[in-house]
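Structural overview for review
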Amino acid sequence: MEYIQAADGDALFWLENHHRPWLNTVMKVFTHLGDKWTVIGILLAAVLIFWLCRRRRTACIVLATAVLGLAISQAVKYIVQRPRPDVAWRLLDRPSNPSLPSGHSLNSMAIYGAIGLTASRTLRRRVVRGLVIALGLGLPLLIGIS
């Protein structure tokens, strides 16, 4: 656990040293893309689109991935019970639940990643497929950084 705390402290130190006021709006946008209701809306839209396109197995896989991500997130939070860090540049209110793992990051990666990877399988053009995968995996990384 000391390794995780040291890495977390180093990351917070790095972020504090690179904090710029003009990035506040950008970080808020990425943070809100990982909000519970935003992610649920995107998840339901993706599942509905896959279902209506007769890709029912894909819809079920995306939904199962989201449920599994939420279960893992809540179980690890319950086990670790790590308090949230208090930082000077905080732009939003701190949630009351434990911080590790980040629900924003883990659930965003599960949902956006699953949507990106499964949707890319239906695309013919390699460039478009690569962009969809990059968006599905890159967006959760930006959400986690935010």
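Attention in this report is confined to the structure presented alongside it. Residue positions are given per chain, counting from 1 as you read along its sequence in written order. Per-residue local features are limited, in this predicted model, to residues with pLDDT of at least 70; the limit for side-chain atom pairs, both in listing and counting, is 80 or more; totals at the level of whole chains, interfaces and linings are taken over all residues. The side-chain figures draw on all heavy atoms in the structure; neither hydrogens nor water molecules are used.

Here we come to the overall build of the protein. In DSSP terms, a helix is any run of H or I states spanning at least four residues, a strand is any run of E spanning at least two, and both are numbered starting from the N terminus. Tallying secondary structure elements over the protein gives 6 helices and 0 strands in all. Reading the protein from its N terminus to its C terminus gives the helix and strand order α-α-α-α-α-α. Only heavy atoms enter the contact rule, under which two residues are in contact if any of them lie within 4.5 Å. For the protein, the proportion of contacts with a sequence separation of at least 24, taken over those separated by at least 6, is 63%. Only the protein chains shown count as cover for residues, and the accessible areas themselves come from Shrake-Rupley with a 1.4 Å probe. Within the structure as shown, the protein displays about 10100 Å² of accessible surface, and the carbon and sulfur contribution to it stands at 66%.

On to the environment of Phe30. Mapped onto the elements of the fold, Phe30 is located in helix 2 (residues 24–33). Distance in space between the C-alpha atoms of Phe30 and Ile145 is 8.6 Å, their sequence separation being 115 residues. The residues touching Phe30, leaving out its near neighbours within four places in the chain, are Leu139, Leu142, Ile143 and Ser146.

Only buried Ala, Val, Leu, Ile, Met, Phe, Trp, Tyr and Cys residues count toward a nonpolar core, and they belong to the same one when joined by side-chain atoms within 4.5 Å. To sort residues, take the accessible area from a 1.4 Å probe on protein chains only and compare it with the maximum for the residue type: under 20% means buried, over 50% means exposed, and anything in between is partly exposed. Counting residues in hydrophobic clusters, the biggest one holds 16 residues, and the most contacted among them are Leu43, Phe50, Val62 and Ile111. Of all the secondary structure elements, the ones that give two or more residues to this core are helix 3 (36–52), helix 4 (56–80), helix 5 (103–120) and helix 6 (126–145). Val62 has contacts with Leu43, Val47, Phe50, Ala114, Ile115 and Thr118, leaving out every residue within four places of it along the chain.

You can see Trp51 is positioned in helix 3. Here Trp51 is in contact with Arg56, Ala59 and Cys60, once residues within four sequence places are set aside.

Within the secondary structure layout, Thr118 lies in helix 5. Aside from chain neighbours lying at most four places away, what touches Thr118 is Phe50, Thr58, Ile61 and Val62.

Here we come to a nonpolar patch on the surface. Residues Met109, Leu117, Leu137 and Leu141 make up a contiguous nonpolar surface patch of roughly 320 Å² in combined accessible area. Those elements that place two or more of their residues in the nonpolar patch are helix 5 and helix 6. Along the polypeptide, Leu141 turns up in helix 6. For Leu141, a relative accessible area of 52% corresponds to the exposed category. Residues enter a patch when their relative accessible area is above 30% and they make no salt bridge; the linking distance is 9 Å between like charges and 5 Å between nonpolar side chains (Val, Leu, Ile, Met, Phe, Trp, Tyr). Throughout this description, the term salt bridge denotes a Lys or Arg side-chain nitrogen within 4 Å of a carboxyl oxygen of Asp or Glu.

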